[in-house]
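Residue-level listing of the chains:
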Amino acid sequence: MRKKIVAGNWKMNMNLDEGLKFAETINTYFKTKASVAEVILCTPFIHLAGVSTIVSKGKVICGAQNCASEPSGAFTGEVSPSMIKSTGAQYVIIGHSERRTYYNEDDKLLNKKTLLALASGLKVIFCCGEVKQERESGTHFKVVKKQLEEGLFNLPSEDFKKIAIAYEPVWAIGTGLTATPEQAQEMHKYIRDLVNEKYGNDCAMNLTILYGGSCKPTNAAEIFSKPDVDGGLIGGASLKKEDFVAIVEAI
Ligand code: PGA
């Protein structure tokens, strides 16, 4: 059975003290609870080392939200995948729509980051998804296909196994609008079929595909009940213990 994941994406929230306390709360909760899903906290860089220490004896895993596209050197303000790895973090989110939109990260750059992150021993949650206008004009499949082909499909299949894909329709992120479970299922199935064509049935069947975009305790169970939805990438609702825990338990 393929791996289920619920990953919290804290985005640019919580100072150091708040973040460490929150990670402690989440870790304590899941220490004593059986969960079918891998629970990941994707924190700002400043929290990584502290959160990794806190979760090291629990079942929660730490991840970053971005990484540099270069391994080291004169790149002021950047944090390399190997630096992330050295904190104890295991995952990195690459290609989030906020990075694509606000920082002009294109498919070529995201592919470079992905290759470097994998070479540095991190696992990657690779985000894709269409904007509202693309959904309305019916080009959403084409858009997602291009993001995956250019961002991921030059990976050797051994490396592809270290990828989870997050389908996040941009019009649903932080807006309160959620894709219907049917819309999520339709796109997730489409993604799995593309991976099947490129990497074969085994890879496709073992690929974890997360849904992201206004996922909440009230809609998580229905979205997660779809056969090609293997968990979620959770923004706003990952900042409240009760909501995040309820979403993990919805799986
Ligand atoms: P949201 O964000 O849950 O707040 O919509 C999801 C994400 O951006 O990963």
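Look up: the structure comes first, before these words.
Remember, predicted model here, so these are calculated numbers, not experimental data.

1. With respect to the overall build of the protein chain
The number of helices and strands found in the protein chain is 12 helices and eight strands. For 251 residues, the compact-globule estimate of 2.2 N^0.38 gives 18 Å, and the C-alpha radius of gyration of the protein chain, at 17 Å, lies within 12% of that figure. Across its three principal axes, the protein chain shows a C-alpha extent of roughly 45 × 45 × 35 Å. Every one of the 251 residues in the protein chain was classed for burial, and the buried ones make up 52%.

2. Topic: the site of the ligand
If you check the shell around the ligand, you find 13 residues, and the closest are K11, H96, E168, G174 and S214. Contact distances for the ligand include 2.7 Å between an oxygen atom and a backbone N or O atom of G174. Measuring from an oxygen atom of the ligand, one finds a backbone N or O atom of G236 at 2.8 Å. Protein coverage of the free-state accessible area of the ligand, which is 280 Å², stands at 95%. When its residues are assigned to classes, the shell around the ligand shows four nonpolar, seven polar and two charged.

3. Quick look at the sheet that holds strand β5 (residues 123-128)
Spatial strand order, β1-β2-β3-β4-β5-β6-β7-β8: eight strands in a closed barrel with parallel pairing. With strand direction ignored, the average angle separating the axes of adjacent strands in the sheet is 30°. Direction of pairing for strand β2 (residues 37-43) relative to strand β3 (residues 60-64): parallel, over a ladder of five bridges. Looking at the pairing, L41 lines up with C62 of β3.

4. Considering the side chain of H96
With respect to the helices and strands, H96 occurs in the loop between β4 (91-94) and α4 (97-102). There is a polar contact of 3.2 Å between the side chain of H96 and the side chain of E168. Discounting residues that sit within four places of it in the chain, H96 has contacts with N9, K11, C127, E168 and I173.

5. Quick word on the packing of helix α7 (residues 140-151) against helix α9 (residues 181-199)
Between α7 and α9, the shortest axis-to-axis distance is 11 Å and the interhelical angle comes to 40°. Here α7 lies oblique to α9, going by the angle between them. Regarding α7 and α9, the two cross each other, and that crossing is right-handed. Counted together, H140, F141, V144, K145 and L148 of α7 and E186, M187, Y190, I191 and L194 of α9 form the full contact between these two elements. A breakdown of the residues in the contact of α7 with α9 according to their chemical character gives seven nonpolar, one polar and two charged.

6. Remarks on the pairing of β4
Residues Y91 and I93 point to one face of β4 and V92 and I94 to the other, with burial holding for every one of them. The pairing of β3 with β4 spans two bridges and is classified as parallel. Its bridge partner lying in β4, G63 is registered against Y91. In this fold, the crossover linking β3 to β4 by way of helix α3 (residues 81-86) has right-handed handedness. The sheet contact formed by β4 and β5 spans four bridges and is parallel. Pairing of V92 across the sheet is with V124, part of β5.

7. Observations regarding the packing of aromatic side chains
In total, this model carries six aromatic pairs according to the counting rule given. Seen from their ring centres, F141 and Y190 are 4.8 Å apart, and the 55° between their planes marks the pair as tilted. Taken together, the residues F141 in helix α7 and Y190 in helix α9 connect sequence positions 49 residues apart. The class for F141 is partly exposed, based on a relative accessible area of 22%. You can call Y190 partly exposed: its relative accessible area is 23%. Chaining the aromatic ring pairs together yields one cluster made of F153, F160 and Y199. Against the face of Y103 rests R99, its NZ or CZ located 4.1 Å from the ring centre. The residue whose ring lies beneath K198 is Y199, and the NZ or CZ to ring-centre distance is 5.8 Å.

Cut-offs applied
- Residues numbered from 1 in each chain as written.
- Predicted model: local features only at pLDDT ≥ 70, side-chain atom pairs only at ≥ 80, totals over all residues.
- Heavy atoms only, no water.
- Helix = DSSP H or I, 4+ residues; strand = E, 2+ residues; numbered from the N terminus.
- Rg over C-alpha atoms; globule rule 2.2 N^0.38 Å.
- Buried < 20%, exposed > 50% of the residue type's maximum accessible area, 1.4 Å probe, protein only.
- Near = heavy atom within 4 Å.
- Polar contact = N/O pair within 3.5 Å; in protein donor to acceptor, adjacent residues only side chain to side chain.
- Areas by Shrake-Rupley, 256 points an atom, 1.4 Å probe, with all protein chains shown as cover.
- Nonpolar A, V, L, I, M, F, W, Y, C, P; charged D, E, K, R; others polar.
- Pairing = 2+ DSSP bridges.
- Axes fitted to C-alpha atoms, helices over the stretch in contact; angles between N-to-C directions.
- Contact = heavy atoms within 4.5 Å.
- Parallel < 35°, antiparallel > 145°, perpendicular 65-115°, else oblique.
- Left-handed = near helix turned anticlockwise from the far one by under 90°.
- Right-handed = clockwise from strand over helix to strand, strands pointing away.
- Phe/Tyr/Trp six-rings, centres within 6.5 Å; stacked < 30°, edge-to-face > 60°.
- Lys NZ or Arg CZ within 6 Å of the ring centre and 35° of its normal.

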